[in-house]
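Here is what each chain is made of, one letter per residue.
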Amino acid sequence: YAARGCPRASRLIVRAPAGDPTGTPVRITARLLNRAGQPMRALEADPDVESPTQFAMPLVSLAPGQYGIEVTAENRHGAVSDRVTFRVES
């Protein structure tokens, strides 16, 4: 259910804080998903923001509709993912 609406002229910013209690570094990735949950493209982390990892995506190139973002945190101890849906409005 996409409860979050975003105007096409906006940028979507996703901040993903993550840590491992052992101090092992955590790699965070994100990708844009279509309405069916299939990957459309990987999102690039903002190189100017060190912590928390941040992804910024202009919405102007997306057609109005429902999308998702999947964020994955992983290291040698394993991986965990979470998804959030949003709606691009005209």
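Residues numbered from 1 in each chain as written. Predicted model: local features only at pLDDT ≥ 70, side-chain atom pairs only at ≥ 80, totals over all residues. Heavy atoms only, no water.

Caption draft 1: Quick peek at the pairing of strand β6 (residues 65–75). In terms of burial, β6 is a largely internal element, 10 of the 11 residues being buried. In the sheet, strand β3 (residues 27–33) pairs with β6 via seven bridges, with the strands oriented antiparallel. From the neighbouring strand, R31 faces β6, where its bridge partner is E70. Connecting β6 to the next strand, strand β7 (residues 78–89), in antiparallel fashion are two residues. (Buried < 20%, exposed > 50% of the residue type's maximum accessible area, 1.4 Å probe, protein only. Helix = DSSP H or I, 4+ residues; strand = E, 2+ residues; numbered from the N terminus. Pairing = 2+ DSSP bridges.)

Caption draft 2: Structural view of the pattern of salt bridges. Enumeration over the complete set of coordinates arrives at three salt bridges. In this structure, R27 engages E74 in a salt bridge whose closest nitrogen and oxygen atoms are separated by 3.2 Å. In this pair, R27 sits in strand β3 while E74 sits in strand β6, placing the two residues 47 residues apart along the sequence. The exposure class assigned to E74 is partly exposed, which follows from its relative accessible area of 30%. The partner of E70 in a salt bridge is R31, with the nearest N and O atoms 2.6 Å apart. With a gap of 39 residues between them, E70 in strand β6 and R31 in strand β3 connect regions that are remote in the sequence. Residue classification places R31 among the partly exposed residues on the basis of a relative accessible area of 32%. (Salt bridge = Lys/Arg side-chain N within 4 Å of Asp/Glu carboxyl O.)

Caption draft 3: Local environment of the pairing of β7. As defined by bridge partners, strand β1 (residues 5–7) adjoins β7 across three bridges and the pair is classed as parallel. Looking at β7, one finds that P7 is bridged to E89. Strand direction decides the pairing type here: β6 and β7, joined by 11 bridges, are antiparallel. Paired with G65 across the two strands is V88, which belongs to β7.

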